[in-house]
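Structural description and commentary
Okay, here's what each chain looks like letter by letter:
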Amino acid sequence: MATNPVPPSAPPKPTWDPRRPDQTLPWVRPTIRIRLTLLYGGMFLIAGILLLSIIYLLAAQALHVGSNLPFKIVSGSVSSDTCSFPNDRPTPDEFNAAINSCVNHQRAQALDDLLTRSLFALVGLSIIAFAFGYAMAGRVLSPLGRITRTARRVVGSDLSRRIELDGPDDELKELADTFDEMLERLERAFTAQQRFVANASHELRTPLAINRTLLEVHLSDPGAPSELQQLGKTLLATNERSEQLVEGLLLLARSDNQLVERKPVDLAEVATRAVDQTLGEAQEKNVVIRGERAPAVVQGNGVLLERIALNLVQNAVRYNVAEDGWVEVTTALEPGQAVLVVSNTGPVVPAYEIDNLFEPFRRLRTERTGSDKGVGLGLSIARSVARAHGGRIIAEPREGGGLVMRVTLPV
């Protein structure tokens, strides 16, 4: 049976992480402070150029460059160190022309000197104006920097932070107070969610555990009819599935939040544990697990990171081919990040189905419920845990069938 060719996979969408400050150089990034500085300095520069032009025009008009002298030489002689006059008894007209040329030259030189000195003064004052504007813009915008720093700390789930901005009751203080009120409401909602998760964990697990115990006791009775034995096994499998669903939902709710406490965790060790736990199931399905796992230490929660690796390896084993299947699990340390890659053979996955695989209760070309391969939360939990650690997970179709799951975490 021919299969459709695998469409080209779309490139991963770039994500912005608000916890990381912008790495662009501050003098290159068009910040508000730089723009205000350019605005202040530019306005001063334009005003200085206009003022200089007006002074130059007024001075040129007052000196009348190119006009004739208001007097004439009738007789006599004049000597000068800067002007040249005819020596062989010039006529009065020649002498007046020479004096007029000399005076006009002095006027033009005076205007040029005025323009040069004014330009130097304008450049110096512009530098002072830009520096003053930069300092004033930094002082005016300092509350925004405080708000930004607080927002970055809040991203790390520290909702107890407050800006508490002092100063005049202006627009920036109003913005800071509004942000504090929002943080207070978020903290109350977050606390209520934590209490709900804790209460739901207890209320949902307890009856399921009781049901499991009662069913196991009933199944241990050798005198029970075969019909009841079969019914008990069916109910026990359904109860086990319900327990897995509850555990997955609670883990998904917890992993959607950011981590407060982080410890060094080696992804190689985490991946090895996941492989060991899945090895029995892989042998039953004739799937070979291979791959080199180099040390890659990250800061995070070891239990949640192990859940990522376990979910990915389990999915790779369960959604595989019937013969000659394999799963490759590798870890590596790249510049600035640690990488966990899980690739496998399996059915052909269209590129447009990739995003749907990360949605809760979604599977590839199967019904939303009723699958014997899981509850449909594995990849959703893996993505939530990766996001909680400041990383991401990317899925790409593998040529020939199967998937390549790539998890990147900051070190």
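Residues numbered from 1 in each chain as written. Predicted model: local features only at pLDDT ≥ 70, side-chain atom pairs only at ≥ 80, totals over all residues. Heavy atoms only, no water.

What about the sheet that holds strand E6 (residues 392-397)?
We count it as follows: Here the rule is simple: two strands pair whenever DSSP picks up at least two bridges between them. Helix and strand assignments follow DSSP, with helices taken as H or I runs no shorter than four residues and strands as E runs no shorter than two, numbered in order from the N terminus. Note on geometry: axes are C-alpha line fits, over the in-contact stretch for helices, and angles between N-to-C directions span 0 to 180 degrees.
Strand order in the open sheet formed by 5 strands is E2-E4-E5-E7-E6, and the pairing between neighbours is mixed. Only two strands of the sheet have a single partner each, and these edge strands are strand E2 (287-290) and E6. Mean inter-strand twist for the sheet, computed between neighbouring axes without regard to direction, equals 15°. Across 6 bridges, the pairing between E6 and strand E7 (residues 403-410) is antiparallel. Within E7, the position partnered with Ile393 by the bridge is Val407.

Things to note about the nonpolar core
The condition is simple: For this analysis, a nonpolar core means a set of buried residues of the types Ala, Val, Leu, Ile, Met, Phe, Trp, Tyr and Cys, connected via side-chain atoms within 4.5 Å. With a 1.4 Å probe rolled over the protein chains alone, any residue whose accessible area is under 20% of its type maximum counts as buried; one over 50% counts as exposed, and the rest are partly exposed. Two residues form a contact once any of their heavy atoms are found within 4.5 Å.
Residues Leu312 and Val329 are the most contacted members of the largest nonpolar core, which totals 41 residues. Val329 has contacts with Ala271, Val275, Ile289, Arg290, Gly291, Glu292, Arg293, Val313, Leu340, Val341 and Val342, leaving out every residue within four places of it along the chain. Ranked by size, the runner-up nonpolar core spans 6 residues in total, among them Ile147, Leu165, Ala176 and Phe179.

Comments concerning the packing of aromatic side chains
Counted only if it meets this: The rule is short: rings of Phe, Tyr and Trp, with Trp giving its six-membered ring, pair when the centres are within 6.5 Å, and they are stacked under 30 degrees, edge-to-face over 60, tilted in between. Two thresholds decide whether a charge sits over a ring: the Lys NZ or Arg CZ must be within 6 Å of the ring centre and within 35 degrees of the ring normal.
This structure, assessed with the given rule, holds 0 aromatic pairs. Over the ring of Trp326 we find Arg290, and its NZ or CZ is 4.1 Å from the ring centre.

Things to note about helix H6 (residues 302-318)
Our working definition: Each residue after the first adds 1.5 Å to the expected span of a helix. We define a polar contact as two N or O atoms separated by no more than 3.5 Å, with the added condition that, inside protein, one atom must be a possible hydrogen donor and the other a possible acceptor, whereas residues neighbouring each other in sequence contribute only through side-chain atom pairs.
A rise of 1.5 Å per residue sets the reference length of H6, with its 17 residues, at 24 Å; its end C-alpha atoms lie 24 Å apart and thus fit the reference within 8%. Within H6, the full set of buried residues consists of Leu304, Leu305, Glu306, Ile308, Ala309, Leu310, Asn311, Leu312, Val313, Ala316 and Val317. The N-capping residue of H6, defined by a side-chain oxygen 3.1 Å from the backbone nitrogen of Leu304, is Asn301.

A short note on unusual backbone geometry
Positive phi outside glycine occurs at Asn286, with the angle close to 60°. With respect to the secondary-structure elements, Asn286 resides in the loop between helix H5 (267-284) and E2. Backbone geometry at Asp324 places phi at a positive 55°, although glycine is not the residue there. Within the secondary structure layout, Asp324 lies in the loop between H6 and strand E4 (325-334).

Considerations on the pairing of E4
In this sheet, E4 lies alongside E2 in parallel orientation, the contact comprising 4 bridges. Counted as the bridge partner of Arg290 is Glu328 from E4. Across 8 bridges, E4 lies against strand E5 (residues 337-344) in antiparallel orientation. Each bridged residue has a counterpart across the sheet, and for Leu333 the counterpart in E5 is Ala338. Once E4 ends, the chain turns through 2 residues before running back antiparallel as E5, passing Gly336 with a positive phi of about 85°.

Details of the pattern of salt bridges
Test applied: In the sections that follow, a salt bridge refers to a side-chain nitrogen of Lys or Arg positioned within 4 Å of a carboxyl oxygen of Asp or Glu.
Inspection of every chain in the model, using the stated rule, returns 8 salt bridges. Residue Arg162 is joined to Glu187 by a salt bridge in which the shortest nitrogen-to-oxygen separation is 2.8 Å. Taken together, the positions of Arg162 in the loop between helix H2 (92-155) and helix H3 (171-219) and Glu187 in helix H3 put the pair 25 residues apart, joining distant regions of the chain. On the accessibility criterion, Arg162 (22% relative accessible area) is partly exposed. A salt bridge links Lys173 to Asp177, with the nearest nitrogen and oxygen atoms 3.2 Å apart. Placement of both Lys173 and Asp177 in helix H3 is noted, with a separation of 4 residues, approximately one turn of the helix. The exposure class assigned to Asp177 is partly exposed, which follows from its relative accessible area of 29%.

Quick look at the confidence of the model for the protein
Defined as follows: pLDDT runs from 0 to 100 and stands for how confident the predictor is about each residue.
For the protein, mean pLDDT is 76; residues scoring 70 or higher make up 76% of the total. Mean pLDDT values for the elements of the protein range from 74 in helix H4 (residues 226-255) up to 94 in E5. Counting interchain partners and residues more than four positions distant, the pLDDT-below-50 stretch residues 1-26 has 30 contacts. When the criterion is pLDDT under 50, residues 366-372 qualifies, and its contacts beyond four places in sequence or with other chains add up to 10 contacts.

Here we look at the environment of Leu312
With respect to the secondary-structure elements, Leu312 resides in helix H6. Note: C-alpha distance between Leu312 and Val341 (29 residues apart in sequence) is 9.2 Å. Beyond its immediate stretch of four places on either side in the chain, Leu312 contacts Val342, Leu379, Ala382, Ile393, Met405 and Val407.

Focus: the environment of Lys285
With respect to the helices and strands, the residue Lys285 is situated in the loop between H5 and E2. For Lys285, a relative accessible area of 37% puts it in the partly exposed group. Residues Lys285 and Asn320, 35 residues apart in the sequence, show an inter-C-alpha distance of 8.6 Å.

Here we look at the pairing of strand E3 (residues 297-300)
In summary, the side chains of a regular strand alternate between the two faces of the sheet. What you see with E3 is a clean split: Val298 and Gly300 sit on the buried side and Val297 and Gln299 on the side with no burial. Of the strand pairs in this sheet, strand E1 (residues 263-266) and E3 are connected by 4 bridges, and their pairing is antiparallel. Counterpart to Lys263 in the pairing with E3 is Gly300.

Some details on the side chain of Thr408
Position of Thr408 relative to the elements: it lies in strand E7. Not counting residues within four places of it along the chain, the set of residues in contact with Thr408 comprises Gln337, Ala338, Val339, Gly391 and Arg392.

Here's the deal with the environment of Ile147
Within the secondary structure, Ile147 is located in helix H2. Contact partners of Ile147, with chain neighbours within four places excluded, come to Ile163, Leu172, Leu175 and Ala176.

Here we look at H5
Note the cut-off: Bend is computed residue by residue as the angle between axes fitted to the seven residues ending at the residue and the seven residues starting at it.
Between its first and last C-alpha, H5 extends 26 Å over 18 residues, near the 26 Å set by a 1.5 Å rise per residue. Its maximal kink placed at Thr278, H5 deviates by approximately 45°. Along H5, the positions that sit buried rather than exposed are Leu267, Ala268, Val270, Ala271, Ala274, Val275, Thr278 and Ala282. Once H5 finishes, Asn286 follows within two positions and takes phi at roughly 60°, a positive value.

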